[in-house]
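Notes for the structure review
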Amino acid sequence: MALKPKDVLALAKDQKAVMVDLKFMDFVGLWQHFTIPLPELTEGIFEEGLGFDGSSIRGWAPIQASDMLVVPDADTAKMDPFIKDPTLSIICNVVDPITKEPYSRDPRFIAQKAERYLKASGIGDVAYFGPEAEFFIFDGISYDSSPNASHYKIESREGQWETGSATEQYFDGKQTITRPNLGYKPRYKEGYFPVAPIDSQQDIRTEMCLFMEKVGIQVERQHHEVATAGQAEIDIRYDSLVNTADKLMWFKYIIKNVALKNGKTATFMPKPLFGDNGSGMHTHQSIWKAGKPLFAGDGYAGMSEMALHYMGGLLKHARALAAICNPTTNSYKRLVPGFEAPVNLAYSSRNRSASIRIPMYSPSPKAKRLEFRSPDPSCNPYMAFAAMLMAGLDGIENRIDPGEPLDKDIYGLSPEELKDIPKMPGSLEEALQCLKDDHEFLLKGDVFTQDVIDTWIELKIEKELNPVRLRPTPMEFALYFDI
């Protein structure tokens, strides 16, 4: 049952809240917030909103048009588990104060429009998304980039590179302890699924899961991931598009804050380690209508014709999707041919080397879904889920053939066999050009606007791509200093 403003006020009173934290999404993919005393939260705020300056939010309005409103979404109200004084947290939509219309660059509004487009199309009434966002838990991090120097250094007592150290450090909840090195480091690419003491992070992952349950996220499992140095995965139950994006923001918030609480740091950077696996965000997707799953059928791997066409849309537009689903320069350190990430655009049942996999764990029609494996957790989930849905719907509407399945180990194919298989872009620059050339499918129903696409491309080039392109790296000194 949907919450009403009066229900939110009753919840705040019941939980003895003294403050209200208003969270909203910036254009790139980070939560922003400001906080008001509880007496300032009235039922009228849920209609009228509260003003703030949007000029400092990345990718948003210029300073001459910077006044914005946040309008709390009553359904998202819950207690923030980290703030010392009892604080109610509410996710907000962003509204233009002049027109009173939702702000077109608000990522949450883009996701809401994608859900409305699905319903208006008559194809289905709900799209379910289930992301598997991998991440690393490190003991420390340092990095710097200046005109004459550049470095980064990862600290992890789980790191395989630490086997030769005389001592190791760990945080016992109160202080940092130094002790002799006790070994038990996951070897490179062997972090999937050893028990303790090799897996040293069971307790912190469980703590993360318990915090997630406090805010209404259903956890399905948690485990160490493939890489050394604390790569982890916590799987959460699928939900509708906007709800899943909301939950993924809570997911990141909880993981980072529990890590901090334990004297550690967590990152969703796709490729922080050289020579070991990066962090992906395999995204499970399906469409339902009137309570019935529409992706189950008698086609390949038990999929319906609709599901195959949805996959056709994803594959056709995957290179453009990369600019939104793999939106950082670092994303393309993971998407490298011949390594762990699926860069070849093909589909298969069970085969994890394909960019789209059809899970075969259960014969139940309700479990029938596809798993798009190329996205990574650096994305803005509202925009990424919306873009994936729009690509899939374009496939359904235009009956796009996904081609024949590739039920082989793609990494074992010869260059001759691989030459006709399309591939993901090899860089953010290439991905942005793909989006520039192929984005009409995103504009349907005004879900994405041309302004959103243009602003996204411009922001990525000016604030991320160019700064990386202009700077020499330590590896370049190793290769070229004595040339």
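Shown above is the structure to which this text applies.
What comes next concerns the included structure. Since we're looking at a predicted model, the values are computed, not measured. (Residues numbered from 1 in each chain as written. Predicted model: local features only at pLDDT ≥ 70, side-chain atom pairs only at ≥ 80, totals over all residues. Heavy atoms only, no water.)

Bringing the pairing of strand S12 (residues 219–224) into the picture now. Sheet analysis places S12 next to strand S13 (residues 231–236), joined by five bridges and oriented antiparallel. Each bridged residue has a counterpart across the sheet, and for His223 the counterpart in S13 is Glu233. Here S12 folds back onto S13 in antiparallel fashion, the turn holding six residues, of which Ala229 has a positive phi close to 65°. (Pairing = 2+ DSSP bridges. Helix = DSSP H or I, 4+ residues; strand = E, 2+ residues; numbered from the N terminus.)

Time to look at the packing of helix H4 (residues 202–214) against helix H5 (residues 241–261). Contact geometry of H4 with H5 gives a least axis separation of 9 Å together with a crossing angle of 135°. Taken together, the axis directions place H4 and H5 in an arrangement best described as oblique. Crossing handedness for the pair H4 and H5: right-handed. For the pair H4 and H5, the contacting residues are Ile204, Glu207, Met208, Phe211 and Met212 in the first and Phe251, Ile254, Ile255, Val258, Ala259 and Lys261 in the second. When the residues that make up the contact of H4 with H5 are grouped by side-chain class, the tally is nine nonpolar, no polar and two charged. (Axes fitted to C-alpha atoms, helices over the stretch in contact; angles between N-to-C directions. Parallel < 35°, antiparallel > 145°, perpendicular 65-115°, else oblique. Left-handed = near helix turned anticlockwise from the far one by under 90°. Contact = heavy atoms within 4.5 Å. Nonpolar A, V, L, I, M, F, W, Y, C, P; charged D, E, K, R; others polar.)

Glancing now at the packing of aromatic side chains. Across all of its chains, the model carries 22 aromatic pairs by this definition. Measuring from centroid to centroid gives 5.3 Å for Trp31 and Trp250, while their planes differ by 90°, and the two rings are edge-to-face. Of this pair, Trp31 sits in strand S2 (residues 31–37) while Trp250 sits in helix H5, and the two are 219 residues apart along the sequence. As far as burial versus exposure is concerned, Trp31 and Trp250 are alike and both buried. When the centroid spacing of 4.0 Å and the interplanar angle of 35° are considered together, the rings of Tyr192 and Phe193 count as tilted. Take Phe193: its relative accessible area is 45%, and that puts it in the partly exposed class. Between the NZ or CZ atom of Lys23 and the centre of the ring of Tyr253, over which it lies, the distance is 5.1 Å. (Phe/Tyr/Trp six-rings, centres within 6.5 Å; stacked < 30°, edge-to-face > 60°. Buried < 20%, exposed > 50% of the residue type's maximum accessible area, 1.4 Å probe, protein only. Lys NZ or Arg CZ within 6 Å of the ring centre and 35° of its normal.)

Further remarks concern helix H3 (residues 107–121). Along its 15 residues, H3 runs 21 Å from first to last C-alpha, staying within 8% of the 21 Å computed at 1.5 Å per residue. Looking at H3, one finds that the buried residues are Pro107, Arg108, Phe109, Ile110, Ala111, Gln112, Lys113, Ala114, Tyr117 and Leu118. Positive backbone phi, at 80°, marks Gly122, one or two positions downstream of H3. (Expected span 1.5 Å × (residues − 1).)

Turning to unusual backbone geometry, a few remarks are in order. Backbone torsion omega between Tyr192 and Phe193 reads 10°, so that peptide bond is classified as cis. With respect to the element layout, Phe193 can be found in the loop between strand S11 (176–180) and H4. A cis geometry characterises the amide bond from Ala196 onward to Pro197, with omega recorded as 10°. Here Pro197 lies in the loop between S11 and H4. Not every positive phi belongs to a glycine, and Lys100 is a case in point at roughly 65°. With respect to the secondary-structure elements, Lys100 resides in the loop between strand S6 (87–95) and H3. Since its relative accessible area comes to 54%, Lys100 is described here as exposed. Even without being glycine, Ala229 reaches a positive phi, approximately 65°. For Ala229, the position within the fold is in the loop between S12 and S13.

Worth remembering: the numbers are spatial, not functional.
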